[in-house]
Amino acid sequence: MCLADAGQGVRGTDFVSSWPSGIHVGASWNKELTLARGKGMGGEFRTKGVNILLGPVVGPAGRVVSGGRNWEGFASDPYLSGVLVGETVKGIQGVGVVASTKHFIANEQETNRNPNNGVEAVSSNIDDRTMHEIYLWPFQDAVRAGTGSIMCSYQRVNNSYGCANSKTQNGLLKTELGFQGGVVSDWGAQHAGVATAEAGMDMAMPNGGDFWGSHLKDAIKNGTVPESRLDDMVLRTIASWYQMGQDNDFPTPGVGMPKDLTKPHRIIDARNSSFKSTLFDGAVEGHVLVKNIRNALPLKSPKLLSIYGYSAKNPDENNPTDGLSPWLMGSGSFDYQEFGAGFFGWSGATPGTTGIAFNGTLYSGGGSGATSQSLAISPYDAILQQAYEDDTALFWDFHNGKPAVDPVSSACLVFGNVWAAEGADRPGLRDDYTDELILHVASQCNNTVVVFHNAGIRLVEEFIGHPNVTAVIFAHLPGQASGKALASILYGKENPSGKLPYTVARNEDDYGVMLRPDKPEGIFKYFPQSNFTEGVFVDYRHFDEKKIKPRFEFGFGLSYTTFGYSNLAVEKDGNRSFEEFPKGKTVEGGQEDLWDALVRVEAEVENKGEVEGKEVAQLYLGIPGTREEKVPIRQLRGFEKVLVGVGETKKVVFELTRRDLSVWDVRAQKWRLGKGEYNIEVGGSSRNLPLSGKFTV
């Protein structure tokens, strides 16, 4: 079998597509588009002879705001991540490729993710309820969708290594969730032999020589590990192979994955032209417009455009070389020595000190989740083409932090980015260089439009209130259609419809203990601890609980039109059981009656503007708490993205399942449907909820 990276597209080979990254998919809030992306991406893996796609990612879940790999996942909310990972798994496996959903579990920081120099990996210390309601939730959706593989993580969980943790693998995953597939280690994440075998790990990567191999054979022969455990490992691995139909007309493993692209090799073109629209639409819908004053956007045949910033152009190289090249690791825009210090442990640089990639725009983040561009359109490329069509004069400066500015420019476009990569966490949530560039341009140009290609949350307080900063777009990581998608939004050919899959604070300290990774200190200097003391109050739940006003709330995003909400209707299903605990048998995804729809909610969305557009209608649920259980004020429990024409009204329907309405009962070890009043709110973001209703259990 061939296993290959990763969740954004096939890495390290030619003739493949660079798909929008996880964070970009999360910002689209589009289920159908996510499913199509999974099919298109999975098809490329299949053509290349890849049996197991090492993705998608729902861990990290975004707890550590400056985490280096948050961009690979979908959102800082378990419900949104869960829905999108389910669609992704269905898409990938629908074309016969095994999805390996990762990293199981609570893999929330890069700092001390592996043991090194006598210091053990960090331990994510989580209580049982938080584990279920936040971190296990999206994995449960992946298992329900049929994921054939789960990848166990590097770090420790409650002080046991992730791949040697029987509670998480045997208990939560294989017993409680009824997972039928195999557990594969992250590369080099196996730190014991017998312990990993007994704890439920089924496949060691990149090999099992240090701990398994002949050692596993000895352990079975002397009775330390029962032979039935070996049978189970094999059965779970081969079952997924059969489940995806890989025994019938599947390409030769690795047929399109040459070891060295600089040597003669057979061309296996995995790209499928029928998915070009999915690549483009996916790139468009992950852009989030967060500011637009004085009708700055869309642009209307401007006379003069001035373009500034390091992230407008392509990197100077997009060329595979032999070995561990910047192209292979997705770091062509970044300082490769610093990347290597974090990812490979190279000396000569300090990882996590530079927050931006100076050498060009970003199509993905860096590391094993990076994409391999066979074609990529930068923002400058696309704008140049449109300027030619419109006879627009064009000035640009990609290198200077204080460029000359022509004050008669119709608009000035400033491009920055946010770099993040596997192996290091980010140094902060903003950078002085880019903020000063924006302020410098805005001081001389009264129509300054800011675009960030951001692999994570980016604060904007330094410039957001400047009267000449008229528009701001979080462009995230759009993949190869980046420039084409952005230009279509800037010029009004496409109406922005993305929404934030995270909360943008006003100050870094607003995130509390979740801002930065935990490090070795004090009596735990050799055994670093990360205590998830915030419990279930992550991202917008934290801001609601602490009554902190964000700059841009979770679920926020502007359009070129406006939407109104009306006619909320809430109805309980009288034919369903509302008993306290589920009673169904365990199937893939947990007890089967957890997925019973108990409540139906309807609302209407009206387009009150002058152009058609897509709106993401969001439903938030307030679950009744108890003295012992403090619950979030509201939690996302439904969303629907609808295209609404000018003057048109569309109905949206949400179905709330037993799991959606429940909290995890640590005593009963089951999801409990509480008694009391449930609050329902529907609107366009987590803090713009014009419709409200109630029902009682």
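Refer to the structure above for everything that follows.
Let me sum up the structure you'll find in this document. Bear in mind that the values here come from a model prediction, so they are computed numbers and not experimental data.

Turning next to the state of the cysteines. A covalent bond bridging the sulfur atoms of two cysteines is what the word disulfide describes. Summed over all chains, the structure comprises two disulfides. Across a sulfur-sulfur distance of 2.0 Å, Cys152 and Cys163 are joined as a disulfide pair. An S-S torsion of about 100° defines the bridge between Cys152 and Cys163 as right-handed. Taken as a pair, Cys152 in strand β5 (residues 149–152) and Cys163 in the loop between β7 (160–161) and α6 (166–176) lie far apart in primary sequence, 11 residues in all. Residue class for Cys163 comes out buried when judged on its relative accessible area of 1%. Disulfide pairing is shown between Cys412 and Cys445; the S-S distance is 2.3 Å. Handedness of the Cys412-Cys445 disulfide follows from its S-S torsion of about 105°: it is right-handed. Of this pair, Cys412 sits in strand β12 (residues 411–418) while Cys445 sits in the loop between α14 (432–442) and β13 (448–454), placing them 33 residues apart in sequence. Summarising the burial analysis for this pair, Cys412 and Cys445 share the class buried. The connectivity of the disulfides in the protein chain is 1-2, 3-4, where the numbers refer to bonded cysteines in sequence order. Among the cysteines around Cys2, which has no disulfide bond, Cys152 carries the closest sulfur, lying 19 Å off.

Where helix α2 (residues 31–47) meets helix α3 (residues 78–94), the axes come as close as 7 Å, and the angle between the chain directions of the two elements is 35°. Both α2 and α3 take part in a crossing whose hand is right-handed. Residues Lys31, Thr34, Leu35, Arg37, Gly38, Lys39, Met41 and Gly42 of α2 pack against Val83, Leu84, Glu87, Thr88, Lys90, Gly91 and Ile92 of α3. When the residues that make up the contact of α2 with α3 are grouped by side-chain class, the tally is five nonpolar, five polar and five charged.

Here we take up the environment of Tyr526. Relative to the assigned elements, Tyr526 resides in the loop between α15 (482–490) and β15 (529–531). Separated by 501 residues in sequence, Tyr526 and Val25 have C-alpha atoms that sit 38 Å apart. If we ignore the near neighbours within four places in the chain, the residues touching Tyr526 are Gly118, Val119 and Glu120.

Moving on, we get to the packing of aromatic side chains. Here the structure, examined in full by the defined rule, presents 28 aromatic pairs. Taken together, a centroid distance of 6.3 Å and an interplanar angle of 85° make the contact between Tyr79 and Phe639 edge-to-face. In this pair, Tyr79 is assigned in helix α3 and Phe639 in strand β21 (residues 635–644), connecting sequence segments 560 residues apart. Pairing Tyr511 with Phe543 gives two aromatic rings, centres 5.5 Å apart and planes at 80°, and the pair type is edge-to-face.

Ordered by their spatial adjacency, four strands build an open sheet running β21-β20-β25-β26, and the pairing between neighbours is antiparallel. The two strands at the open ends of the sheet, each matched to only one other strand, are β21 and β26 (691–696). Direction aside, neighbouring strands of the sheet carry axes that sit 20° apart on average. Where strand β25 (residues 677–683) and β26 come together, six bridges link them in antiparallel fashion.

The subject of this paragraph is the pattern of salt bridges. Tallied over the full model, the rule gives 41 salt bridges. Across the pair Glu629 and Arg672 runs a salt bridge, and its minimum N-O distance is 2.4 Å. One end of the pair, Glu629, is in the loop between β20 (613–622) and β21; the other, Arg672, is in strand β24 (residues 670–672), and 43 residues separate them in sequence. For the residue pair Glu629 and Arg672, the accessibility class agrees, reading buried in each case. Salt bridges here are not isolated pairs; linked through shared partners, they connect Arg69, Glu72, Glu110, Arg113 and Glu422.

Rules used throughout
Residues numbered from 1 in each chain as written. Predicted model: local features only at pLDDT ≥ 70, side-chain atom pairs only at ≥ 80, totals over all residues. Heavy atoms only, no water. Disulfide = S-S within 2.5 Å. Helix = DSSP H or I, 4+ residues; strand = E, 2+ residues; numbered from the N terminus. Buried < 20%, exposed > 50% of the residue type's maximum accessible area, 1.4 Å probe, protein only. Axes fitted to C-alpha atoms, helices over the stretch in contact; angles between N-to-C directions. Left-handed = near helix turned anticlockwise from the far one by under 90°. Contact = heavy atoms within 4.5 Å. Nonpolar A, V, L, I, M, F, W, Y, C, P; charged D, E, K, R; others polar. Phe/Tyr/Trp six-rings, centres within 6.5 Å; stacked < 30°, edge-to-face > 60°. Pairing = 2+ DSSP bridges. Salt bridge = Lys/Arg side-chain N within 4 Å of Asp/Glu carboxyl O.

Such coordinate-based values are descriptive only and should not be taken to indicate function.
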